Amino acid sequence: GEYLFPDVAAGTYTAKFPDLSDETNPLYIDGSVHEKPGTVVSGETTDVDAPYNPPGAWNGTLTNKNTSDPIPDETVELCYSNGTVYATTITDANGEYYFENVPAGEYTVKFPSLAGVDDILTLSSTSNEEVTGTVTVGETTDVDAEYDPPGAWNGTLTNKVTGEPIPNATVE
């Protein structure tokens, strides 16, 4: 939409577009957050066009690498490239997560840990707890992740002669 402010005195002003953004989801116009400066000259109309960069989105699915089952109720953090958390969500029953109104840029998605498990999440794609990607203006970045669950080691200590289990033995 076009806009016009008639009868403006000569001087330097800043046009702001508060309806299109807030502190959580800023609107970027030529690199500035929801504003565009301009100078009005006496007797002239100053054109201050504001190319709006619509935000993008980030979505994906978190699954178990071994079973391909979705992992529900997992905390997901979308972080700026400097590590600061931009937003947090929880995977749904299908292991899906979605972040909307994400400004264009480099981001990292982190899965801090599995709910109810004293184990750190390991992703097959990076062998740590995060996946990195780029959000493009007006586009949705789709990044799926697989949880590579830890294995286990078990056995029975037995008497070689009798075959009977040896109870209360320490195993290191």
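This report concerns the structure included in the present document. (Residues numbered from 1 in each chain as written. Predicted model: local features only at pLDDT ≥ 70, side-chain atom pairs only at ≥ 80, totals over all residues. Heavy atoms only, no water.)

1. Looking at the overall build of the chain
- A count of helical and extended segments in the chain gives zero helices and 13 strands.
- Beginning at the N terminus, the succession of helices and strands in the chain can be written as β-β-β-β-β-β-β-β-β-β-β-β-β.
- Across the chain, contacts joining residues at least 24 apart in sequence account for 55% of those joining residues at least 6 apart.
- Taken as a whole, the chain presents about 11400 Å² of accessible surface, with 47% of it coming from carbon and sulfur. (Helix = DSSP H or I, 4+ residues; strand = E, 2+ residues; numbered from the N terminus. Contact = heavy atoms within 4.5 Å. Areas by Shrake-Rupley, 256 points an atom, 1.4 Å probe, with all protein chains shown as cover.)

2. A word on the packing of aromatic side chains
- Counted under the stated rule, the structure contains five aromatic pairs.
- Ring geometry for Tyr-3 and Phe-5: centres 6.1 Å apart, planes at 65°, overall edge-to-face.
- The class of Phe-5 is exposed, set by a relative accessible area of 61%.
- Judged by centre distance (5.3 Å) and plane angle (80°), the ring pair of Tyr-80 and Tyr-86 falls under edge-to-face.
- One aromatic cluster is present, built from ring pairs that chain together Tyr-80, Tyr-86 and Tyr-107. (Phe/Tyr/Trp six-rings, centres within 6.5 Å; stacked < 30°, edge-to-face > 60°. Buried < 20%, exposed > 50% of the residue type's maximum accessible area, 1.4 Å probe, protein only.)

3. Details of the nonpolar core
- Core analysis: the biggest nonpolar cluster contains 17 residues, and Trp-58 and Leu-78 have the highest contact counts within it.
- Looking at this core, the elements that each hand over two or more residues are strand S6 (56–64), strand S7 (75–80), strand S9 (96–102), strand S10 (105–110), strand S11 (130–135) and strand S13 (145–147).
- In terms of residues, this core owes the most to one element, S9, which gives three residues.
- Those residues within four positions of Leu-78 in sequence are excluded, and the remaining contacts are Trp-58, Thr-84, Val-85, Tyr-86, Ala-87, Phe-99, Val-102, Tyr-107, Thr-108 and Val-109. (Core = buried A, V, L, I, M, F, W, Y, C linked by side-chain atoms within 4.5 Å.)

4. Topic: the environment of Asp-144
- Checked against the element boundaries, Asp-144 lands in the loop between strand S12 (140–142) and S13.
- Through-space distance from the C-alpha of Asp-144 to that of Gly-95 is 9.7 Å; in sequence the pair is 49 residues apart.
- In contact with Asp-144, other than residues within four places in its own chain, are Gly-60 and Thr-61.
- At a separation of 2.9 Å, a polar atom in the side chain of Asp-144 contacts the main-chain amide nitrogen of Thr-61. (Polar contact = N/O pair within 3.5 Å; in protein donor to acceptor, adjacent residues only side chain to side chain.)

5. Some details on a nonpolar patch on the surface
- A cluster of nonpolar side chains, namely Tyr-3, Phe-5, Val-8 and Tyr-13, defines an oily patch on the protein surface of about 400 Å² accessible area.
- Within the secondary structure layout, Val-8 lies in the segment before strand S1 (11–16).
- Overall, Val-8 belongs to the partly exposed group, its relative accessible area being 34%. (Patch = residues over 30% accessible without salt bridge, like charges linked within 9 Å, V, L, I, M, F, W, Y side chains within 5 Å. Salt bridge = Lys/Arg side-chain N within 4 Å of Asp/Glu carboxyl O.)

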